[in-house]
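Given next are the chains, with one letter for each unit.
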Amino acid sequence: LPARSDACTPLPKGRGRHAEMTKAARCQVVFESEIGIIHEFIPGRTAEDTDFCISSNHSLAQVAKKVSRLHASAVPAVFHYPSEALIWNFLDSMLRAMKALEAAEGAQRQSAEPSIPHFMAYASLEEEIAFCRDLLTRHDLPIVLAHGDLKPANVMICEADGNVPEETVISLIDFELSGPNYRGYDIMKLFRKQPEEDRRENMRRFLHFYAHEGGVADDAIPGFIHKAVMEAELIEPLTWIEAVTFFALILRVKPERREEWISLAESRWKEYIRSKSQMLRASGGAPKAAYFTKKLLGINVPVMNATMSDPIRGIMITGHNE
């Protein structure tokens, strides 16, 4: 995990970090060196979006309980800022690497080379990440020991012979990005690709099991679910801009697969536009949402002043946006 160069020393290498992380996650390290790590083999199949629907109630419940237990675990001491979401560190690191690569290759770049799409340009990503950071850090969002990349592909389902639901074993894999992070980030990544008309209902059912496993009192569960859903939806744009940033960096590292990286980044950029616009509109800033949608699509619009109401705290945020 890259450290913040301006504020702390590098995180320890070797078994120190992984020993604490794997203890919390209860997964066995088979082999580890400076070039990689091998955990125990997990049998089963990769989960799909349909495994996180009410119709797949048992799988939904098992994953919710496992995630709840992970989030309730103590953050290992190797993290220098356990109260700061690690996602910002990752994003800052990718931006720094991108800027360094551009500087190193600038003198060698030929004018005939194809340009980088605007949504993968360093300046665009830096601006959007700064916007998300400014908005999200205004909220008191829970930070927990999170998985960090909790997409369905990182959930393994081992179904017993005869497909008996009660004997199904659920395992979480790929803890490479785990650490102190937003609780809502993990939750949203599980559900973000579902149709919007189904997603909230499935997420609410998931959070019912999650809350029950975490010891939330029965009469407090509805309020917990309402807050957690709003929290996850507020964070959704961050899950998409992180992916765009990753593919933008890979484009500079492996340009021979240019079309593939651009296609992957573009689909996630469109989701970022959608979720950011909806988030702003839900916050009471419809004019501001329209402004940002045009801007993200590359349409020139005049400078404007806008006021946005905070959906969780009920405060007012006024900004002058260019």
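Notes on the structure follow. (Residues numbered from 1 in each chain as written. Predicted model: local features only at pLDDT ≥ 70, side-chain atom pairs only at ≥ 80, totals over all residues. Heavy atoms only, no water.)

Concerning the sheet that holds strand 6 (residues 169–172)
Taken in spatial order, the three strands line up as 3-5-6 in an open sheet, and their pairing is antiparallel. Since the sheet does not close on itself, it has two edges, and those belong to strand 3 (45–46) and strand 6, each with one partner. Strand contacts of helix 2 (residues 57–72): strand 5 (155–158) and strand 6, with the helix running at about 40° to strand 6, the strand carrying the most contacts. (Pairing = 2+ DSSP bridges. Helix = DSSP H or I, 4+ residues; strand = E, 2+ residues; numbered from the N terminus. Contact = heavy atoms within 4.5 Å. Axes fitted to C-alpha atoms, helices over the stretch in contact; angles between N-to-C directions.)

Things to note about the environment of Val 216
You can see Val 216 is positioned in the loop between helix 6 (196–213) and helix 7 (221–253). The class of Val 216 is partly exposed, set by a relative accessible area of 24%. Excluding residues within four positions of it along the chain, Val 216 makes contact with Ala 211, Ile 221 and Phe 224. (Buried < 20%, exposed > 50% of the residue type's maximum accessible area, 1.4 Å probe, protein only.)

Comments concerning the side chain of Lys 189
Structurally, Lys 189 can be placed in helix 5 (residues 183–191). Judged by its relative accessible area of 5%, Lys 189 falls in the buried class. Those residues in contact with Lys 189, other than ones at most four positions away along the chain, are Asp 149, Leu 150, Lys 151, Pro 152, Thr 239 and Glu 242.

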